[in-house]
Amino acid sequence: MSKAQIQAKFADVQQFKQFIKKSSQTTEATKFHLQNLWGSAFSFFFAEAFQQNQRPFLLICNDKEEAAYHLNDLENFLDEKNVLFYPGSYRRPYQLEETDNANVLLRSEVLNRINSKKKSSVIVTYPEALFEKVVTKKELDQSILKLKVEDELSIDFVNEVLFEYHFKRVDFVTEPGEFSVRGGIIDVFSYAHNEPYRIEFFGDDVESIRTFDVETQLSKEQKKKISIMPNMENKQHTEVRQSFFEYIAKDTLIFIKSLDLLNNQLHQLFNKAQKAFEELSAEVKQSEPQDLFLNEEEIKKQLISRSIVEFGSSHFFKAEEVLHFSTEAQPAFNKQFDLLIENLNQYHEKGYTNYIACVSQQQAKRFKDIFKDMETEVAYQPIVLPIHQGFIDHQLKILVYTDHQIFDRYHKFQLKSGYAKKEAITLKELTSLEVGDYVTHIDHGIGKFGGLQKID
């Protein structure tokens, strides 16, 4: 059985139909409670609900790690283009040198997606990310340079705009916020895309636009039009900012694991921001914490008028709709396969359908070999589906166990990198080497750089 068939089982239960009917038809600020939806059973429910709804979804987890696991689950169930990750941009308030360029790019990608009014998407986030306010849609529109093939404009104009956007001119583009000019070609790394653009001019006309690989400098995908966005997370800028909740569409359905925890974390983060602001030099004027960051009082006011789905063990709002499910978390087996076999066969005798979700076909074969060596019949079906937590659903009479939990193995999440520096040396780094510099080679060890030679 495929994952789509398991999702279809979730879609067929009365609680799900009740949720879809209420959430898709009303424009009021309805509050829902989901109870006893454990492990990745929530991911199955969430993904199917999104596919049957015509509105954007926002999923707020308790921390970054939990958000990453839910993100990975949803990427398995939905089109990855419609699943976006919204991280925090830095480690400490007012410390610009600690801003993470990869996270800034991911945040900009989300803002650009919302602003473009494309197809509804899922946004997965956590308290530290929501703590940072964002520029208004008006400010964002005014800070984006939009180009398309056959546009008539000069290289000098684009050059001036990029300087105005605080882009840095370099010899070779390697990271967001950089651009280079070589003859009739401009390379630029926007904060709204995870690959840089190569814009080729013929006179004062844009002849072609392509993405290219930072490491090889080779062109990749043709583009008809692009948006070049500067770093909108720069806290030294004085643009008017607003809460992320004010930025997203009014019909967004917001799923929250724990609003109490979200409020507590925002309270602590805001206190740290206030302390950091008080320690700043008075010579440089900075925006005050309330202009840049969200506090717990603001979020309470903003969420009252929103449709909220609370799915954790505690609830903040009084619910108009309470949906009870009958799931429980996967039990621990600690690599004891005799206990696993006994458990699977007992549930099979009760009429349950058993699945073991594996990260690969090789892992599925491993289970087959283990059970064969133990010379016993096991009632289960393998499925290649790397979900983060197994569960038992007593209403649907199915159980989905994960291979990593059975083997008591750490399950590593995979975040969208957006942008990450390559381990290989870039052209920019190569041309900056001087004769006598020490270089470490992965195969040949440490040596001295002797210069570049022309190859005929």
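Residues numbered from 1 in each chain as written. Predicted model: local features only at pLDDT ≥ 70, side-chain atom pairs only at ≥ 80, totals over all residues. Heavy atoms only, no water.

A. Representation of the environment of Val181 in the model. Following the sequence through the fold, Val181 ends up in strand E8 (residues 178-182). Sequence separation between Val181 and Asp156 is 25 residues, and the spatial gap between their C-alpha atoms is 9.8 Å. If sequence neighbours within four positions are ignored, Val181 has contacts with Ile155, Asn159, Arg169 and Ile186. (Helix = DSSP H or I, 4+ residues; strand = E, 2+ residues; numbered from the N terminus. Contact = heavy atoms within 4.5 Å.)

B. Quick peek at the sheet that holds strand E15 (residues 253-256). Reading across the sheet, the 7 strands line up as E3-E4-E2-E15-E16-E1-E17 and stay open at both edges, with parallel pairing between neighbours. One side of each edge strand has no neighbouring strand; the edge strands of this open sheet are strand E3 (83-85) and strand E17 (321-324). Strand after strand, the sheet turns through a mean of 20° between neighbouring axes, direction not considered. (Pairing = 2+ DSSP bridges. Axes fitted to C-alpha atoms, helices over the stretch in contact; angles between N-to-C directions.)

C. Structural detail: the pattern of salt bridges. Going through the model one piece at a time under the given rule, you end up with 12 salt bridges. Notably, a salt bridge pairs Lys148 with Asp151, separated by 3.1 Å at the nearest N-O pair. The class for Asp151 is buried, based on a relative accessible area of 17%. Put simply, Asp403 and Arg409 hold a salt bridge, and the shortest N to O gap is 3.6 Å. The network of salt bridges with shared partners includes Arg182, Asp187 and Arg198. (Salt bridge = Lys/Arg side-chain N within 4 Å of Asp/Glu carboxyl O. Buried < 20%, exposed > 50% of the residue type's maximum accessible area, 1.4 Å probe, protein only.)

D. Spotlight on the nonpolar core. Residues Phe19, Leu34, Phe244, Phe245 and Phe255 are the most contacted members of the largest nonpolar core, which totals 84 residues. If one sorts the elements of this core by residue count, helix H3 (residues 41-52) sits on top with 8 residues. Contacts of Phe245, omitting those with residues within four sequence positions, involve Leu58, Ile60, Leu130, Ile254, Leu294, Ile299, Gln302, Leu303 and Arg306. Core analysis: the second largest hydrophobic core is formed by 20 residues, Ile370, Val378, Ile392 and Leu399 among them. (Core = buried A, V, L, I, M, F, W, Y, C linked by side-chain atoms within 4.5 Å.)

E. Quick peek at the packing of helix H10 (residues 259-278) against helix H12 (residues 296-304). It is at 8 Å that the axes of H10 and H12 come closest, and there the two elements cross at 145°. Of the residues in H12, those in contact with Leu259, Leu262, Asn263, Leu266 and His267 of H10 are Glu296, Ile299, Lys300 and Leu303. Each residue belonging to the contact of H10 with H12 can be placed in one class, and the counts come to 5 nonpolar, 2 polar and 2 charged. (Nonpolar A, V, L, I, M, F, W, Y, C, P; charged D, E, K, R; others polar.)

F. Region of interest: the sheet that holds strand E9 (residues 185-188). Strand order in the open sheet made by the 6 strands is E7-E8-E9-E10-E11-E12, with mixed pairing throughout. Each edge of the open sheet carries a strand with a single partner, namely strand E7 (168-169) and strand E12 (219-223). Of the pairings in the sheet, the one linking strand E11 (residues 205-212) to E12 comprises 3 bridges and is antiparallel in character. For Ile209, the partnering residue across the bridge sits in E12 and is Lys223.

G. Structural view of the environment of Thr402. Of note, Thr402 is situated in strand E22 (residues 398-402). Classification of Thr402 as buried rests on a relative accessible area of 0%. Dropping the residues within four chain positions of it, Thr402 is found in contact with Gln330, Ala357, Ile387, Gln389 and Gly390. A polar contact of 3.4 Å, which involves the side chain of Thr402, links it to the side chain of His404. (Polar contact = N/O pair within 3.5 Å; in protein donor to acceptor, adjacent residues only side chain to side chain.)

H. Molecular detail of a negative patch on the surface. Judged by side-chain charge, Glu150, Glu152, Asp156, Glu160, Glu164, Asp204, Asp205 and Glu207 come together as a negatively charged surface patch. Among the secondary structure elements, Glu150 is positioned in the loop between strand E6 (145-148) and helix H8 (155-164). When its relative accessible area of 69% is taken as the criterion, Glu150 is described as exposed. (Patch = residues over 30% accessible without salt bridge, like charges linked within 9 Å, V, L, I, M, F, W, Y side chains within 5 Å. Areas by Shrake-Rupley, 256 points an atom, 1.4 Å probe, with all protein chains shown as cover. Lys, Arg positive; Asp, Glu negative; His and termini not counted. Charge placed at Lys NZ, Arg CZ, Asp CG, Glu CD.)

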